[in-house]
Amino acid sequence: MEVDSQAVDKRGDRVRAMFASIAGRYDLLNHLLSLNIDKSWRTFTIKKLAPTAGQRILDVCTGTGDLALGFAARVPKVEVIGLDFCPEMLEVARQKNAKATAKVLQFGDGDATQLPVESNAFDIVTCAFGLRNVSDTERGIDEMIRVAKVGGKVGILEFSKPRVPILRWCYLAYFKYLLPRIGQQVSGNDHGAYEYLPASVLAFPDGPVMVELLTSRGLRDVVAYPLTLGIATLYVGSKSTPKERR
Ligand SMILES: C[S@@+](CC[C@H](N)C(=O)[O-])C[C@H]1O[C@@H](n2cnc3c(N)ncnc32)[C@H](O)[C@@H]1O
């Protein structure tokens, strides 16, 4: 299946405008297009990262905040911060936070390629369905690793391509032909967000390639957990020591 390079134009302004235009319906579309399975992927992510009370957690590309809010809701006394560079997505996150019983400490402005936080500060750093959209993938990974404590966990949840050929074919057909039409109808989006989605997934590294990439940037013990027949994958690794990185 070919990748339309125009559709994967990841310049920051373009990506921000695209998410701004769908922010109001992002949650609805997420749950609709994934048949609600995205909720279980985030729950799995939280379980695998196993936060404990008192830990500091940073969720990068937090969007409307589902993963950050999930951490706050499931673990008592954790300090969760969610950062994103799209004000409209953050506004939805803040509205949800206002209604939540367990609160995220802060939903703030922050570019994944230049995180406005100190180094070695967080026990857990996550990014769900965000890294694929970041203009410079390596830079985004490096920033997540920089702000994690040595030994801290980095978790990346991202779409991937099923490995079994027949499944892969069905999935790509849905992704490439059906999903953009449903997405466009429901969101009324004119920035091509639901053409961009499959194109960006097809062009993004996954499986062993992603494990290799994360290891080469400074994570150790990286494990890939394929979810729902490999439609999504959670990658978890720990920040290695400076000596291990040399
Ligand atoms: C598909 S949404 C994912 C939102 C959320 N993490 C989730 O699981 O639903 C991708 C988000 O990444 C954000 N994003 C993309 N590039 C970014 C960057 N360079 N810095 C910060 N946020 C970015 C977008 O604004 C958008 O909110």
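Figured I'd write up the structure that's included with this text. In this text, all values refer to a predicted model and were calculated from it rather than measured experimentally.

1. As for the layout of surface pockets
By volume, the largest pocket is sized at about 550 Å³. As for the largest pocket, its lining consists of 29 residues, and the residues nearest its centre are Leu33, Ser34, Phe159, Leu179 and Leu197. For the lining of the largest pocket, the secondary structure elements donating two or more residues are α1 (12-22), α2 (26-33), α3 (37-49), α7 (165-187) and α8 (193-203). Its residues assigned to classes, the lining of the largest pocket shows 22 nonpolar, four polar and three charged. Taken as a whole, the second largest pocket holds about 430 Å³ of empty space. Lining of the second largest pocket is provided by 32 residues; of these, Cys61, Thr62, Asp84, Gly130 and Asn133 occupy positions nearest its centre. Elements supplying a minimum of two residues to the lining of the second largest pocket: α1, α2, β1 (56-60) and α4 (66-74). Looking at the lining of the second largest pocket, the element that brings in the most residues is α1, giving four residues. Considering only residue class, the lining of the second largest pocket consists of 13 nonpolar, eleven polar and eight charged.

Basis of the calculations
- Residues numbered from 1 in each chain as written.
- Predicted model: local features only at pLDDT ≥ 70, side-chain atom pairs only at ≥ 80, totals over all residues.
- Heavy atoms only, no water.
- 1 Å grid on protein atoms, 1.4 Å probe; cavity = no way out; pocket = protein on both sides within 12 Å on 5 of 7 lines; lining within 4 Å.
- Points joined across faces, edges and corners; volume = space filled by probe spheres on them.
- Helix = DSSP H or I, 4+ residues; strand = E, 2+ residues; numbered from the N terminus.
- Nonpolar A, V, L, I, M, F, W, Y, C, P; charged D, E, K, R; others polar.

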